[in-house]
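Take a look at the letters that make up each chain.
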Amino acid sequence: SDLKPVPTQCVGPTYRSESQKPTAVVSTGVEFETVTILPQTPQLIALLSIIRNKDTQRGDFIFYSNRIIRLLVEEGLNHLPTIEHTVTTPVGRPYDGLSFQGKICGVSIMRAGEAMEQGLRECCRSVRIGKILIQRDEESSQPKLFYDKLPEDIADRWVLLLDPMLATGGSASMAVDVLKSRGVPEERILFLNVLASPKGVQNFATKYPHLRVVTAFVDQGLDDKNYIIPGLGDFGDRYYTV
Ligand code: URA
């Protein structure tokens, strides 16, 4: 396994001195310009601490992972193109602002990625959402595409690809290859992810140098079953069944 010990760091607003801040393990850094890690705020670390806890029950797991997902979607939207847009306020004055440019859609990698659909819908009203089902082939233990249903005009859209866990990057890579085969250029894919392994990010960002990744946290490594560690266990099980 690629586990390295990670020191704790002070977490909190810059106006507090180091001695006034609690310490926690924050995300591992990555050297890829295309990868954005959410700011390691007290709020994010506290939310992650809840969903990582093995004693957290399903109701709380859903509630708090939804909050992290919402943060990811809000950050992800910052990476979509905007154009200058001036509006007139009710007092008759102009405000020079921005408006979003371009059509988007979501694509969730089933089953865990479906948990991120609601957060996307909350921010993008009536957004179209496609699905991709990839499962490990029993014989080869390689990821295999079982099903996909994508918007017809997906090649004309920005795609927010949804999967909360990036372990080896096998499923995410296969999903990107499906999107590319439907005419979506890498530059127009944004991968939203809760928890990544260093290897997963490394493999993925190297393979797709023009694709943007927004993740909440890059964890320490993978165990021998390719679970992220320390991780949070099986996201789909904890969100949908356990
Ligand atoms: N998928 C999960 O749900 N958890 C992991 O740790 C890795 C992949």
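Residues numbered from 1 in each chain as written. Predicted model: local features only at pLDDT ≥ 70, side-chain atom pairs only at ≥ 80, totals over all residues. Heavy atoms only, no water.

Engineer: Could you give an account of the site of the ligand, with specific residues and numbers?
Structural biologist: Every residue near the ligand is listed here: Met165, Ala167, Asn226, Tyr227, Ile228, Gly233, Asp234 and Phe235. Within the backbone of Gly233, an N or O atom sits 2.8 Å from a nitrogen atom of the ligand. Between Phe235 and the ligand, the recorded distance is 2.8 Å, taken from a backbone N or O atom to an oxygen atom. In isolation the ligand exposes 240 Å². Once the protein is present, 82% of that is buried. Considering only residue class, the shell around the ligand consists of five nonpolar, two polar and one charged. (Near = heavy atom within 4 Å. Polar contact = N/O pair within 3.5 Å; in protein donor to acceptor, adjacent residues only side chain to side chain. Areas by Shrake-Rupley, 256 points an atom, 1.4 Å probe, with all protein chains shown as cover. Nonpolar A, V, L, I, M, F, W, Y, C, P; charged D, E, K, R; others polar.)

Engineer: Lay out unusual backbone geometry in plain terms, naming residues and giving numbers.
Structural biologist: Residue Arg111 is bonded to the preceding Met110 through a cis peptide linkage, with omega at -5 degrees. When you line up the elements, Arg111 lands in the loop between strand S6 (104-110) and helix H3 (117-123). Each neighbour pair has its own omega, and for Ile229 with Pro230 the value is -5 degrees, a cis peptide bond. We note that Ser126 has phi near 50 degrees; this positive angle belongs to a residue other than glycine. By secondary structure assignment, the location of Ser126 is in the loop between H3 and strand S7 (129-136). (Helix = DSSP H or I, 4+ residues; strand = E, 2+ residues; numbered from the N terminus.)

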